[in-house]
Amino acid sequence: MLINRVRQYRVVRDITQKELAAAVQITRQSLIAIEKQKFNPSLELALRLCKFFNCKVEDLFELVETEENK
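What comes next is a walk through the structure. (Residues numbered from 1 in each chain as written. Predicted model: local features only at pLDDT ≥ 70, side-chain atom pairs only at ≥ 80, totals over all residues. Heavy atoms only, no water.)

1. Some points on helix α3 (residues 28-35)
Phase 1: Of all the residues in α3, the buried ones are L31, I34 and E35. For α3, the buried positions fall inside an angular range of 95 degrees around the axis, keeping them on one side.
Phase 2: On its buried side, α3 packs onto β1 (2-4), α1 (6-12), α2 (17-23) and α4 (43-53).
Phase 3: At the C-terminal side of α3, Q37 shows a positive phi close to 65 degrees. (Buried < 20%, exposed > 50% of the residue type's maximum accessible area, 1.4 Å probe, protein only. Helix = DSSP H or I, 4+ residues; strand = E, 2+ residues; numbered from the N terminus. Arc of directions from axis to C-beta. Contact = heavy atoms within 4.5 Å.)

2. Describing the packing of aromatic side chains
For any pair of aromatic rings, the description consists of the separation of the ring centres together with the inter-plane angle of the planes.
Phase 1: Considering all chains together, one arrives at 2 aromatic pairs under this definition.
Phase 2: Each ring, one from Y9 and one from F53, has its centre 5.4 Å from the other, and the planes form 65 degrees; the classification is edge-to-face. Taken together, the residues span a long stretch of sequence, with Y9 in helix α1 and F53 in helix α4 at a distance of 44 residues.
Phase 3: Plain terms: the ring middles of F52 and F53 are 5.1 Å apart, the flat faces sit at 85 degrees to each other, and that makes the pair edge-to-face.
Phase 4: The exposure class assigned to F52 is partly exposed, which follows from its relative accessible area of 28%.
Phase 5: With a relative accessible area of 3%, F53 lands in the buried category.
Phase 6: Here a set of aromatic residues connected by ring pairs shows up, and it is made of Y9, F52 and F53. (Phe/Tyr/Trp six-rings, centres within 6.5 Å; stacked < 30°, edge-to-face > 60°.)

Following this line, the structure appears as structure tokens:
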């Protein structure tokens, strides 16, 4: 299971969903789905998000082992 900290990073920076979505060239609806853990971004989008937040992929995304994906 992939979890992300996109919402946490966005809130700390005091950026709206609309602003972040525009900055990484996606729709606000897509960003909402990512923040709710309902959609995993493509590698390209994940890298754009990391570049925007100036962080490593490992800081923003984490792969968590579950019984289903062992």
